[in-house]
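The primary structure of each chain is shown beneath.
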Amino acid sequence: MAVGALKFGQFTLKSGSTGPILSALAKAFASTIVEAQKSSSSTSPLPEFDVLFGPAYKGIPFAAMTVTHLYDNHNIAVGLAYDRKEVKDHGEGGNMVGASVKGKKILILDDVMTAGTAVRAAIDLVKREGGEVVGVVQCLDREEVGKDGVSSTVKEVEAIVGEGRVKAILRMRDLMVWLEKNGMNDELEKMKVYWEKYGLKQ
Ligand SMILES: O=P(O)(O)OC[C@H]1O[C@H](OP(=O)(O)OP(=O)(O)O)[C@H](O)[C@@H]1O
């Protein structure tokens, strides 16, 4: 909220990527991954993984920052891989870049899922290249109903990667609690209206 990254209602998007914001995000992604790997933190801890995969485009800088932070601050050394949206017809060719995923355990990292299209495409790509996707981590879990109108996109993706294997730095309901605590009532009201329309009903 402090940097205007999240807005409700009608607005024009503006990019707000700066060193301090990206640094905070890298730290949050890395801590979320480390916590999720502890067996005490959840009934479905994230398994160890070899390569972090960031789907183009926004997933690429987030994954790159996170592997760096994992190494510098948590002594976890993993590879970085990402895809190109356009197939390259010269040089190494193909649309995978970075560490090889073949025979490796892969964690996918992105900012947010809506319909889950980007993450599903990433899962398919990694599988085609011979990797095994062991989980997904996103910045914000929107906690919205998915394509079937009942379950969530998270549940739909967990049906592919494993129950409890989609993690998030924070959830929509965490944001609502934070807005309430900080007296941001206008934003909270807008979020509640949005939640009524799109939020999970359980
Ligand atoms: O779950 P989905 O319905 O796929 O939506 C979520 C995806 O959409 C956004 O990326 P976008 O498609 O805008 O691409 P970009 O990262 O290249 O901007 C976002 O970064 C996710 O990757």
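Residues numbered from 1 in each chain as written. Predicted model: local features only at pLDDT ≥ 70, side-chain atom pairs only at ≥ 80, totals over all residues. Heavy atoms only, no water.

Under an unreviewed UniProt entry, the protein has the name orotate phosphoribosyltransferase and belongs to Marasmius tenuissimus. What UniProt states about the protein under its Function (unreviewed entry) heading is, verbatim, "Catalyzes the transfer of a ribosyl phosphate group from 5-phosphoribose 1-diphosphate to orotate, leading to the formation of orotidine monophosphate (OMP)." Quoted straight from UniProt, the Sequence similarities (unreviewed entry) entry for the protein says "Belongs to the purine/pyrimidine phosphoribosyltransferase family. PyrE subfamily." (UniProt positions renumbered as here; feature names shortened; annotations may be inferred.)

A. Geometry of the nonpolar core. Grouped together as the largest cluster of nonpolar side chains are 21 residues, with contacts concentrated most on Phe 29, Ile 33, Phe 49, Leu 52, Leu 70, Leu 107 and Leu 109. Residue assignment for this core shows that the elements contributing at least two residues are helix 1 (19-37), helix 2 (59-74), strand 4 (105-112) and strand 5 (132-141). In contact with Leu 107, not counting residues within four places along its chain, are Ile 33, Leu 46, Phe 49, Val 51, Leu 52, Phe 53, Gly 135, Val 136 and Val 137. (Core = buried A, V, L, I, M, F, W, Y, C linked by side-chain atoms within 4.5 Å. Buried < 20%, exposed > 50% of the residue type's maximum accessible area, 1.4 Å probe, protein only. Helix = DSSP H or I, 4+ residues; strand = E, 2+ residues; numbered from the N terminus. Contact = heavy atoms within 4.5 Å.)

B. Local environment of the packing of aromatic side chains. The full count for this structure, using the stated rule, is two aromatic pairs. Measuring from ring centre to ring centre gives 6.1 Å for Phe 29 and Phe 62, while their planes differ by 40°; the resulting arrangement is tilted. Separated by 33 residues along the polypeptide, Phe 29 in helix 1 and Phe 62 in helix 2 bring together distant segments of the chain. On the basis of relative accessible area, Phe 29 is assigned to the buried category, the value being 0%. Relative to Tyr 198, the ring of Tyr 194 lies with its centre 4.9 Å away and its plane at 50°, an arrangement referred to as tilted. Residue Tyr 194 and its partner Tyr 198 are located together in helix 6 (residues 185-198), separated by four residues, close to a single helical turn. (Phe/Tyr/Trp six-rings, centres within 6.5 Å; stacked < 30°, edge-to-face > 60°.)

C. Summary view of the layout of surface pockets. When its volume is computed, the second largest pocket comes out at roughly 370 Å³. Asp 141, Glu 143, Val 154, Lys 155 and Arg 171 are the residues nearest the centre of the second largest pocket, which is lined by 19 residues in total. Counting residues per element, the ones that place at least two in the lining of the second largest pocket are strand 5, helix 4 (153-161), strand 6 (166-171) and helix 5 (172-181). Residues belonging to the lining of the second largest pocket are distributed by class as follows: seven nonpolar, four polar and eight charged. (1 Å grid on protein atoms, 1.4 Å probe; cavity = no way out; pocket = protein on both sides within 12 Å on 5 of 7 lines; lining within 4 Å. Points joined across faces, edges and corners; volume = space filled by probe spheres on them. Nonpolar A, V, L, I, M, F, W, Y, C, P; charged D, E, K, R; others polar.)

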